[in-house]
Each structure stands twice: as C-alpha cells, then as structure tokens.
Amino acid sequence: MSQSVSRALSILIALGEASQSLDELAGRLGVHKSTVLRLLQTMQAERFVVRDAAHRYSLGSRMFELASHALENRDVRTVARPHLSALGTTTGQTVHLAAYESGDAVYIDKVDAEQSVRMYSRIGRPAPLHCTAVGKVLVAALPRTEWRTVAARLDYHPFTPRTLRTPERYLAELERVAAQGFAEDHEEHESFVNCIGVPVRDGIGEVVAAVSVSVPDVLLDHDQVLALLPQVRACADAISTELGWDPRRAVPARKG
C-alpha cells in the first residue's frame, strides 16, 4: 500500500476515535508535522476531515455520506443469509428472517431444519402479527402511537387455542416484548410448535427485520426452545453489526 494512503487511513481511524490536534496526529503516526499537515489539507479540501476554531481535526461530512451510502446498499437478506445458515446448523432447527412491509410481517428468508419436520411458513408469505414471534417483534419496534392502530385492525384469527384473541391482550404482549427484547410464539400459530424471535437493527438502531427459530415440541419443549435465545440473539447481533449497529450501544427510545 502507498505510504501516503496508509498514513491517510491511519489519520481517519484516529479521528474516528476522537478529535485530534496536528501534534497528536504527528505523534501517533511518528512522522513530521509537515507531512501530516499536507495529508490533512488534502482531506479537508475533499471534506473527509474538518478543523475547528481550536485547530483540532475531526471526521468530515464526506465520511458520513460514504458510510450512509454503504449501509443503504447493504441488503438485509444478503447480509443475514450466512448468519441464518450458521444458526440453522448449530441449532438444527428452522430459522426465519422477516421484515415489516406495508403493514405485514413478511418472511424474506428461511433455513429449513435438518430433521424431516417442516414448518408451514414460506418465503414471501405474511406472518400473522398477533401470533408469531417475528410479527410481535416487528410491531413492538413501531412507535407506541401505532400499536393501537395495528391492534385495532387485526382479526385475531384463532389458529390454535393459545392464539391471542383481543386487542387488549395483544397490546399487553407488545409491552412485554418491548421490555424483554424478544418475543415468543408458544404454540400460538401452529399447534405443538414453539418459536422465539429477536430484532435486527440497522446503523441508527432502527429495527429492520426479525430473526426467529421455530421448533416442534416433539423435538424440543418450550423451555428448551427458550434456552436457544442466546444463540438467536447472537445471530441477530451479528447481522446488526454488519448493518452498522453496535449491539453494545443503548437501544434508541421509541417515539410516542
């Protein structure tokens, strides 16, 4: 790599940690201040860095533009696929990826279980909002002002005896999901199938998808499925990280 390019990248990395003075950057790179100044002037002209009144340098708007474009061009399904496959391999169970589209939770990817039992779900098919883990996760991520609107329009079709059947119970469930950071489908959509789902976030912390694992209870009981939660969360966190989100950051507050 060109020495100048290497030094310029080192400067950008340093400024990504905190603003720096010319002296601090020169000391960090171990070169003369005049060398660093030439690089800074070039990057400043292209808006990669800015200098404040105290003569300290920070990352410029061009860096944020490029980061934004890079994240916008990352399709969540493409990013998620290897992580979904890995989760399917380690658990041996059915894995789903769903997104909220035009008022529906839609399955956008699926990894089938290794065993012969197959789930009803299909890529491109809506997932009922009131009785699937992905549906609950995606609605719980909406502003609270929208929860009642969603709850009021659902028909609460009783897929099983455990299906939630009233707006009041559904709203209480959304509160629980929002508080605990994951959702359950305890034999609510398909009899004898348990499911857990967690959110996937983009670079600004918005929920853009949900990952879930679904398991027939002939293979794992309810408590055993809940025990898979750390693995499902790790999968969602890995996808979120690639989309620009740092799972160590605080979750942004929902509006409303």
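Here the structure is shown first, and the text comes after it.
Definitions and cut-offs
Residues numbered from 1 in each chain as written. Predicted model: local features only at pLDDT ≥ 70, side-chain atom pairs only at ≥ 80, totals over all residues. Heavy atoms only, no water. Buried < 20%, exposed > 50% of the residue type's maximum accessible area, 1.4 Å probe, protein only. Helix = DSSP H or I, 4+ residues; strand = E, 2+ residues; numbered from the N terminus. Arc of directions from axis to C-beta. Contact = heavy atoms within 4.5 Å. Pairing = 2+ DSSP bridges. Axes fitted to C-alpha atoms, helices over the stretch in contact; angles between N-to-C directions. 1 Å grid on protein atoms, 1.4 Å probe; cavity = no way out; pocket = protein on both sides within 12 Å on 5 of 7 lines; lining within 4 Å. Points joined across faces, edges and corners; volume = space filled by probe spheres on them. Nonpolar A, V, L, I, M, F, W, Y, C, P; charged D, E, K, R; others polar.

(A) Molecular detail of helix H2 (residues 22–29). Among all positions in H2, only Leu 22, Leu 25, Ala 26 and Leu 29 are buried. Projected onto a plane normal to the axis of H2, the buried residues spread over an arc of 100° and lie on a single side. Structurally, H2 contributes buried residues whose contacts are with helix H1 (3–17), strand S1 (20–21), helix H3 (33–45) and strand S3 (56–59). Just past H2, the residue Gly 30 takes up positive phi, approximately 70°.

(B) Focus on the sheet that holds strand S2 (residues 49–51). Strand order across the open sheet formed by three strands is S1-S3-S2, with antiparallel pairing between neighbours. Across the chains shown, the open sheet's two edge strands, defined by having one partner strand only, are S1 and S2. Sheet analysis places S2 next to S3, joined by three bridges and oriented antiparallel. Residue pairing across strands places Val 49 opposite Leu 59, the latter belonging to S3. H1 rests against S1, S2 and S3 of the sheet, and its axis sits at about 95° to S3. Against the sheet, H3 touches S2 and S3, its axis set at about 105° to S2.

(C) Here's a closer look at the sheet that holds strand S9 (residues 207–216). An order of S6-S5-S4-S9-S8-S7 is seen for the six strands of this open sheet, with the pairing classed as antiparallel. Sheet topology places strand S6 (126–127) and strand S7 (183–186) at the edges, where each strand pairs with a single neighbour. Alignment of strand S4 (residues 94–101) against strand S5 (residues 104–111), held across seven bridges, turns out to be antiparallel. Each bridged residue has a counterpart across the sheet, and for Ala 98 the counterpart in S5 is Tyr 107.

(D) The layout of surface pockets, seen in detail. In this structure, the largest pocket encloses a volume near 370 Å³. For the largest pocket, the lining is made up of 20 residues, of which Gly 181, Phe 182, Pro 199, Arg 201 and Val 251 are closest to its centre. For the lining of the largest pocket, the secondary structure elements donating two or more residues are helix H6 (133–140), helix H8 (167–180), strand S8 (193–201) and helix H10 (229–242). Tallying contributions element by element places H10 first for the lining of the largest pocket, with four residues. Broken down by class, the residue content of the lining of the largest pocket amounts to 13 nonpolar, two polar and five charged.

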